[in-house]
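# Examining the three-dimensional arrangement
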Amino acid sequence: MISKVCSAIVLGAKPADMLERRRMVLLPKKTEELPMVEAKISWIDGERFVGGASSGHALVIDSDRLRNTSSGPMELVLMALCACTATDVVSILRKKREPFTALEVRAEAERAPEPPSVYTAIKLIFKVAGKVSRKSAEDAVRLSEEKYCSVSAMLKSTASITTEVRLDDTAEAAG
């Protein structure tokens with residue numbers, strides 16, 4: 001199912017008709033049902049695949065960790081977790097008008113020894129640069145974990161997720 005927002009834009013409707021602006025974040029108008037998200041994977045060779053999704057973006061996935069020509073599926077899950085929670089933290093810090101200059105989220109994870117080798121423990125390390133109050137940074141991370149991050153909510157069924165917040169109040173970017 002194609003998103004109503006995308007099809008309206010393709011058909012010439014003004015994006016402003018379909019989207020409302022809320023504190024620097026564009027959100028689809030609320031509807032009774034959420035649009036279906038689709039993903040597709042096509043085999044290339046060996047254990048390599050090209051994947052695509054409803055957004056129209058594609059990437060190569062390599063499940064062969066010896067060949068290692070691109071990220072594997074479980075690495076992508078961790079990257080998705082980092083991206084999801086980072087998005088929340090950035091949005092929350094902006095709403096609080098905290099003058100952060102950079103954010104880096106790193107995940108360290110352990111997997112079950114037997115198949116399915118799900119994540120059993122994940123530590124998220126947030127490095128926030130800029131003159132940000134510790135309370136604001138920790139509140140943003142807590143809200144992401146407890147309320148907003150969909151990826152975290154899914155992973156909590158198999159993994160304990162812990163967090164650490166590191167502040168760098170210099171003008172340097174996190175890295």
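Just above, that's the structure.
Here's what I pulled together on the structure shown here. Residue numbers run consecutively from 1 along every chain, following the written order of its sequence. For a predicted model such as this one, the threshold for reporting local features is a pLDDT of at least 70, and the threshold for listing and counting side-chain atom pairs is 80 or more; totals across whole chains, interfaces and linings nevertheless cover every residue. Remark: hydrogens and water are excluded; side-chain values derive from all non-hydrogen atoms of the structure.

## Quick look at the side chain of Ser144
To qualify as a helix, a DSSP run of H or I must reach at least 4 residues; to qualify as a strand, a run of E must reach at least 2; elements of each kind are numbered from the N terminus. Here Ser144 shows up in helix H4 (residues 134–148). Relative accessibility decides the category of a residue: with a 1.4 Å probe and only protein chains considered, values under 20% of the type maximum give buried, values over 50% give exposed, and everything between is partly exposed. Classification of Ser144 as buried rests on a relative accessible area of 0%. Side chain to side chain, Ser144 and Asp88 meet in a polar contact 2.9 Å long. Apart from residues no more than four positions distant in its own chain, Ser144 is found in contact with Thr85, Asp88, Val89, Ile92 and Cys149. For this analysis, a polar contact is any N or O atom pair within 3.5 Å, provided that within protein one partner can donate a hydrogen and the other can accept it, and provided that sequence-adjacent residues contribute only side-chain to side-chain pairs. Should any heavy atoms of two residues lie within 4.5 Å, those residues are considered in contact.

## Looking at the pattern of salt bridges
Any carboxyl oxygen of Asp or Glu within 4 Å of a side-chain nitrogen of Lys or Arg constitutes a salt bridge here. Counted under the stated rule, the structure contains eleven salt bridges. Notably, a salt bridge pairs Arg142 with Glu146, separated by 3.6 Å at the nearest N-O pair. Within this pair, Arg142 and its partner Glu146 are both found in helix H4, separated by four residues, close to a single helical turn. Exposure remark for Arg142: the relative accessible area of 37% places this residue in the partly exposed category.

## Structural notes on empty space enclosed by the protein
For cavity detection a 1 Å grid was placed over the protein atoms alone, and a set of points counts as a cavity when a 1.4 Å probe fits there but cannot get out; an open set counts as a pocket when protein lies on both sides within 12 Å along at least five of seven lines, with lining residues being those that have an atom within 4 Å of a point. Grid points are joined across faces, edges and corners, and a volume is the space filled by probe spheres set on the points. Counted under the stated rule, the structure contains one cavity of 30 Å³ or more. For the largest cavity, the calculated volume is near 50 Å³. As for the largest cavity, its lining consists of Leu81, Thr85, Leu124, Phe126, Val141, Ser144, Glu145, Ser152, Ile161 and Thr163. For the lining of the largest cavity, the secondary-structure elements that each account for two or more residues are helix H3 (73–95), strand E7 (119–130), H4 and strand E8 (160–168). By residue number, the principal contributor to the lining of the largest cavity is H4, which donates three residues.

None of the figures reported here should be taken as evidence of function without further support.
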